[in-house]
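Now for the letters of each chain:
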Amino acid sequence: MPLTASKYGKGRVRVMRLTRDGDHHTPRELSLTVLMTGAFDASWTEGDNRACVATDSVKNIVNVVAAENLSLDKEAFAEAVAKTFLDKYLQVGELLVEGLETRWLRQAVGGQPHGHVFTLDGNGTGYVKLVARRDGAVLQSGLRGFTFMKTTQSGWVDFVADEYRTLPDTTDRIAATAMDATWTWAGAPTDYSATNTKVLDILLEVFGATYSYGVQDSMYRMGEAVLAAIPEIAEIGFAMPNKHYIPINLKPFGLENPGTVFLPTDEPHGQIEATIGRG
């Protein structure tokens, strides 16, 4: 029987890089998955492991690259990991590096940003994905599970009204989502971290400052705005599940509910996904 696809490597390779400039420190923490594709079929079909790079070596390479590159952004760090593998192992044809970032916020002490005290940023996880081949690479950045909400200026109207639909139209509702967003780089910006921050600022500004006719409407305009502002981004994709806030019926208790008391739920939820690119 043919072996039609295979890859292997190491998952959940966790590494914290800490740069120290006197008392001013900067932590950079990642959890990486590194997977190799290449001339490894004999390991599956013949029990011949002579071409296989040990997964223990994968972990150690990540740690060595980390030690040698303390200050790189996660995008450049993924590129440095991929370059090490492709330069050293000719049997590797393609390398997938995927990382989730634990972000630390500098804590203010006495009204001033402290040099080495941090709190965990609990909203969302930074994301990076690099597919590196010998003839080129595709680099993506993004966010996973970034949660935001607005309590008005959002509607839900004119969806197919048939015997199965039970929700009524509304022009004023809470709109909330835990967004996964992924943008693909067409070129390297001057500063990945600053540009990623700018992407998030644009997304939140468009979402918050304009009326939403639905998640689809907001998603498209958010993507358009990012592409218009940042030429280094080729396309941006979203997965934005609804986090529902359902008005609670208080009439059995002799009370009205003028849009002030809600049941939070995200099961089941609407799942809306799209990618916006350049023409």
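In what follows, the structure referred to is the one given above.
Before going into details, it helps to say that this report is about the structure given with it. (Residues numbered from 1 in each chain as written. Predicted model: local features only at pLDDT ≥ 70, side-chain atom pairs only at ≥ 80, totals over all residues. Heavy atoms only, no water.)

## Details of the overall build of the protein chain
Selection criterion: Each helix is a run of DSSP H or I of at least 4 residues and each strand a run of E of at least 2, with the numbering of both proceeding from the N terminus. With a 1.4 Å probe rolled over the protein chains alone, any residue whose accessible area is under 20% of its type maximum counts as buried; one over 50% counts as exposed, and the rest are partly exposed. Residue contacts follow a heavy-atom distance rule, with two residues in contact if any of their heavy atoms lie within 4.5 Å. Computed with the Shrake-Rupley method and a 1.4 Å probe, the accessible areas treat only the protein chains shown as cover for residues.
Along the backbone of the protein chain there are five helices and 12 strands. In terms of principal-axis extent, the alpha carbons of the protein chain reach across some 75 × 65 × 40 Å. For the protein chain, with 279 residues in total, the buried portion stands at 36%. A separation of at least 24 residues holds for 64% of the contacts in the protein chain among residues at least 6 apart in sequence. Accessible area for the protein chain stands at about 15,800 Å²; split by element, carbon and sulfur atoms hold 53% of it.

## So, the packing of aromatic side chains
Rules: Paired rings are identified among Phe, Tyr and Trp, the last through its six-membered ring, by centres lying within 6.5 Å, and are further divided according to the angle between planes into stacked (under 30 degrees), edge-to-face (over 60) and tilted (the rest). Only lysine NZ and arginine CZ atoms are considered, and such an atom sits over a ring when it is within 6 Å of the ring centre and within 35 degrees of the ring normal.
Scanning the entire structure with this criterion turns up eight aromatic pairs. Seen from their ring centres, Tyr8 and Phe40 are 5.2 Å apart, and the 90° between their planes marks the pair as edge-to-face. Taken together, the residues Tyr8 in strand β1 (residues 8-21) and Phe40 in the loop between β2 (24-38) and α1 (41-45) connect sequence positions 32 residues apart. The same class applies to Tyr8 and to Phe40, which are both buried. Residues Trp185 and Tyr192 carry aromatic rings whose centres are separated by 5.0 Å and whose planes lie at 80° to one another, so their mutual orientation is edge-to-face. The same class applies to Trp185 as to Tyr192, namely buried. In this structure an aromatic cluster arises from ring pairing among Tyr8, Phe40 and Trp44. One residue, Arg144, lies across the ring of Tyr127, its end atom 3.7 Å from the ring centre.

## Things to note about helix α5 (residues 215-229)
What counts here: Helix span, as expected, comes to 1.5 Å for every residue beyond the first. In this description, one arc is meant: the one made by directions from the helix axis to the C-beta atoms.
With 15 residues, α5 extends 21 Å between its outermost C-alpha atoms, agreeing within 8% with the 21 Å of an ideal straight helix rising 1.5 Å per residue. Every buried residue of α5 is listed here: Val215, Ser218, Met219, Met222, Gly223, Val226 and Leu227. An end-on view of α5 places all buried positions within 165° of arc, on one side of the element. Lining the buried residues of α5 we find β7 (136-150), β8 (175-185), α4 (192-209), β9 (233-241) and β12 (271-277).

## Quick word on the nonpolar core
To be explicit about the condition: Only buried Ala, Val, Leu, Ile, Met, Phe, Trp, Tyr and Cys residues count toward a nonpolar core, and they belong to the same one when joined by side-chain atoms within 4.5 Å.
Core analysis: the biggest nonpolar cluster contains 56 residues, and Met36, Phe85, Val97, Met179, Met222, Ile236 and Phe238 have the highest contact counts within it. If we ignore the near neighbours within four places in the chain, the residues touching Met222 are Phe148, Met179, Leu203, Val206, Phe207, Phe238 and Met240.

## Let's talk about the packing of α4 against α5
Selection rule: Structural elements are reduced to axes, namely lines fitted to C-alpha atoms, with helices fitted over the stretch in contact, and the angle between N-to-C directions of any two is expressed from 0 to 180 degrees. Oblique is the label for every angle not falling under 35 degrees (roughly parallel), over 145 degrees (roughly antiparallel), or within 65 to 115 degrees (roughly perpendicular). The crossing is said to be left-handed when, going from far helix to near helix, the turn is anticlockwise and less than a right angle, and right-handed when the turn is clockwise.
Contact geometry for α4 and α5: axes closest at 9 Å, N-to-C directions at 140°. Between α4 and α5, the interaxial angle falls into the category oblique. Classified by chirality, the crossing of α5 by α4 is right-handed. Counting all contacts with α4, which are made through Lys198, Val199, Ile202, Leu203, Val206 and Phe207, the residues of α5 involved are Ser218, Arg221, Met222, Ala225, Val226 and Ala229.

Just geometry here; none of it tells us what the structure is for.
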